[in-house]
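Per-entry structural report
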Amino acid sequence: MTITPRLVAEYRIPGVWYALSGDGRFDLSGPHPRLTLKGPDSLRVYELAEDRELLAAFPRPAPHGRSVEDWVAPDLSFVVFQNETSYTAVDRDGNRLWQRSFGAWSTGRWGDVGFAMAGPYRETQILLRLPSDTPGKSLFVTLDSAGNELVRNVLPCGGAERYVGLTWGPEGYLTGVYASGGGARRTHYQASLACGHIVLGRQTTAPATHPALRGRFPLSTNPSGTGEMSVDEGGQDVRWHRLPSLEVAAVLRLSDFPPPGTGDCSVHDRLWISFRGGYVDADTALVTLHNDYNEARVLMFGEDIWEEHSHWLADPATGALHGRIDYPMRDVETVLLLGDGTWVTTERDVLYRWSAPDGER
């Protein structure tokens, strides 16, 4: 059942281990994936094609400083860094273009920045969430690229206790506003942007969890939007659902894998199905098995049982296993699926991009 993956590309990027550990993110909207990496002194944007290309690097306004979040303008001309007290826009040369303070209100958890392409020349407009003086309402300020304030939008949702975010469609069009957290059900508004003004449309409240997903963790939606993959919260099975009904189309159970300590599960002691997995493409899914880490056995009794992982390919239509992926390196932990038939793993300063052999896709 062993599958030898095909190495599509190898990218040597300093500090790339941040990419898959929470301090980096992938943008999959373009013809090639883009990787944004946070570093202590700068934020870098790479394009990953046959080789990696550094598209932009933005020096941090305070070297070695911590930022809560960063937002890169669509044309890569500047980045908005957020810390606990303010937003700061910086160009590629490290020049501060503008800064907006939060005043007495720290938005470390609630900040949000959006970029809209507006006007006849498709100018960049920036929407910042700032503190609101009105309880239960949220303030978004629209700026031009130079930081000049154009419009102040007070929205009838959110307030200081909730996260309020913006959703965007193709080509930089605002499509919605949502509020979440604060003990209330997530709320959505249809929305559009007119001359910098956020125009709210119909309000909808997110439905309660569908019965088919209770006790389960959604992993990903297939590229065509017709299927959803989920894993049991106890790591006992994977299910593939048809959308929009969420009817179960296929199931892969933990018992369908070889027993722990045998065959392709020889690296495992007590295994379970991890939350790291999803669709490789429309016809192939990736499932990750993970050891149940036992601290007492490792630290108190000295047993060499660590958090070993294994990755498997499966058929989302039937739930049948294709086999275990046999990487040339030991214990590949984190995997990120790009949705185009490839996935990436990392080792030190190298990012590896893989695909399944032709017979397994």
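A brief look at the structure comes next. These figures come from a predicted structure and were not determined experimentally. (Residues numbered from 1 in each chain as written. Predicted model: local features only at pLDDT ≥ 70, side-chain atom pairs only at ≥ 80, totals over all residues. Heavy atoms only, no water.)

1. A look at the sheet that holds strand β22 (residues 247–253)
- The strand order β19-β20-β21-β22 describes an open sheet built from four strands, whose pairing is antiparallel. Strands at the two margins of the open sheet, each flanked by one partner only, are β19 (216–221) and β22. Each adjacent strand pair in this sheet contributes to an overall mean axis angle of 25 degrees, direction not counted. (Pairing = 2+ DSSP bridges. Helix = DSSP H or I, 4+ residues; strand = E, 2+ residues; numbered from the N terminus. Axes fitted to C-alpha atoms, helices over the stretch in contact; angles between N-to-C directions.)

2. Overview of the pairing of strand β17 (residues 187–194)
- Bridging between strand β16 (residues 174–180) and β17 involves four bridges; their strand directions are antiparallel. Bridge pairing in β17 links Ala179 to Thr187.
- In sequence, β16 turns back onto β17 through a hairpin of six residues, with Gly181 there showing a positive phi of about 85 degrees.

3. Some remarks on the nonpolar core
- The biggest cluster of nonpolar side chains holds 18 residues, and the ones touching the most others in it are Met229, Val238, Trp240, Phe257, Ile273, Val287 and Leu289.
- Of all the secondary-structure elements, those providing two or more residues to this core are β20 (227–232), β21 (237–242), β22, β23 (271–273), β25 (284–291) and β26 (309–314).
- Tallying contributions element by element places β25 first for this core, with three residues.
- Residues in contact with Ile273, not counting those within four places in the same chain, are Val231, Gly235, Gln236, Asp237, Val238, Leu252, Leu254, Phe257, Val287, Thr288 and Leu289.
- Of all hydrophobic cores here, the second largest spans 16 residues; its members include Trp71, Phe102, Val113 and Ile126. (Core = buried A, V, L, I, M, F, W, Y, C linked by side-chain atoms within 4.5 Å. Buried < 20%, exposed > 50% of the residue type's maximum accessible area, 1.4 Å probe, protein only. Contact = heavy atoms within 4.5 Å.)

4. What to know about unusual backbone geometry
- Pro244 follows Leu243 through a cis peptide bond whose omega is 10 degrees.
- Turning to its location among the elements, Pro244 is positioned in the loop between β21 and β22.
- A positive phi angle, near 60 degrees, is found at Leu76, a position not held by glycine.
- By secondary structure assignment, the location of Leu76 is in the loop between β7 (69–72) and β8 (78–82).
- For Cys195, which is not glycine, the phi torsion reads 55 degrees and is therefore positive.

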